[in-house]
Every structure is written in C-alpha cells, then in structure tokens.
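Notes for the structure review
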Amino acid sequence: DVQLVESGGGLVQTGGSLRLSCTTSGFSVGNYAFGWFRQAPGKEREEVGCTNNSDGTTWYADSVKGRFTISIDNAKNTVYLEMNDLRPEDTAVYYCAADPDTLGLNLWISWGVPYYYDYWGQGTQVTVSS
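Residues numbered from 1 in each chain as written. Predicted model: local features only at pLDDT ≥ 70, side-chain atom pairs only at ≥ 80, totals over all residues. Heavy atoms only, no water.

Turning next to the state of the cysteines. Inspection of the entire model under this criterion finds one disulfide. Shown here is the disulfide that connects cysteine 22 with cysteine 96, its sulfur atoms set 2.1 Å apart. Taking the torsion about the sulfur-sulfur bond, which here is approximately 60°, the covalent link between cysteine 22 and cysteine 96 counts as right-handed. Residue cysteine 22 is located in strand β3 (residues 18–25), and its partner cysteine 96 is located in strand β9 (residues 92–99); the two are separated by 74 residues in the primary sequence. Given a relative accessible area of 0%, cysteine 22 falls into the buried group. Residue classification places cysteine 96 among the buried positions, given a relative accessible area of 1%. (Disulfide = S-S within 2.5 Å. Helix = DSSP H or I, 4+ residues; strand = E, 2+ residues; numbered from the N terminus. Buried < 20%, exposed > 50% of the residue type's maximum accessible area, 1.4 Å probe, protein only.)

This is the structure in structure tokens:
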C-alpha cells in the first residue's frame, strides 16, 4: 500500500537548480526515515542525503554537501530534494526511499550500521548540461 512517486526532474544548465518531489501515499511521513539516491549509467548507486523525520537528524554525501537540501512537508506527505549549483556530474536518475526504522537510520549516520530502505520510488531523470 506504500507508494513513492518522484517528480521534478529535467534538463538544466551547469549552475542551475531543481527541486525534486517525492509524493507519498499509504502511510504518514511523520515517523519515517527518507533517503535520496542517484545512479548514473555504469556507475554505482549513491546515497546523496537522508533525513530522520522523527527527530530531524540529517546526513549528506560530501559530493553534494552545501548544495543539496532535504525538506519535508508533513501536511502534504511530500519529501523534497532542493538541488543548487548543479554540475554535469550530478546527471543521474534520482530515487527517493522510505523506511519506518528511524532509529536504524540514526545508527547508520552515527556509526555506519548497515541500513536498508523498504520502499522506493520509480526515479526521475536529472540532466545537467555543460
């Protein structure tokens, strides 16, 4: 019954911005953990950021730190990824993921304990032109 649907991808120039949306259904986002991932052809899937919506804990990969920001509109059950100062290497399919184990996410952020998201969206393409 849980579903995640990403939207907001597209084509932008280097230095531009995009806001991706992850619209959720089938659950309440209040006590969930959310992650944003990306994968380019032939490259390893990379987690760019995550947030614990229960206590506000956040983490960002070094590759996007200071440029990407995750936010959540609880009333709209929607998770956002604001991407600024985009670069060609940001080109990828972006996915949102969710899991109710908020404590587990904090354990991963703090000590690297393996964490696995139960629910995934279909992805949205982001292309950054040089």
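If you walk across this open sheet you meet the four strands as β1-β3-β8-β7, and the pairing is antiparallel. Of all strands in the sheet, those with a lone pairing partner are β1 (3–7) and β7 (68–73), marking the two edges. With strand direction ignored, the average angle separating the axes of adjacent strands in the sheet is 20°. Pairing geometry for β1 and β3, over five bridges, is antiparallel. Counterpart to glutamine 3 in the pairing with β3 is serine 25. (Pairing = 2+ DSSP bridges. Axes fitted to C-alpha atoms, helices over the stretch in contact; angles between N-to-C directions.)

In short, the description is geometric, and any link to function would need to be established separately.
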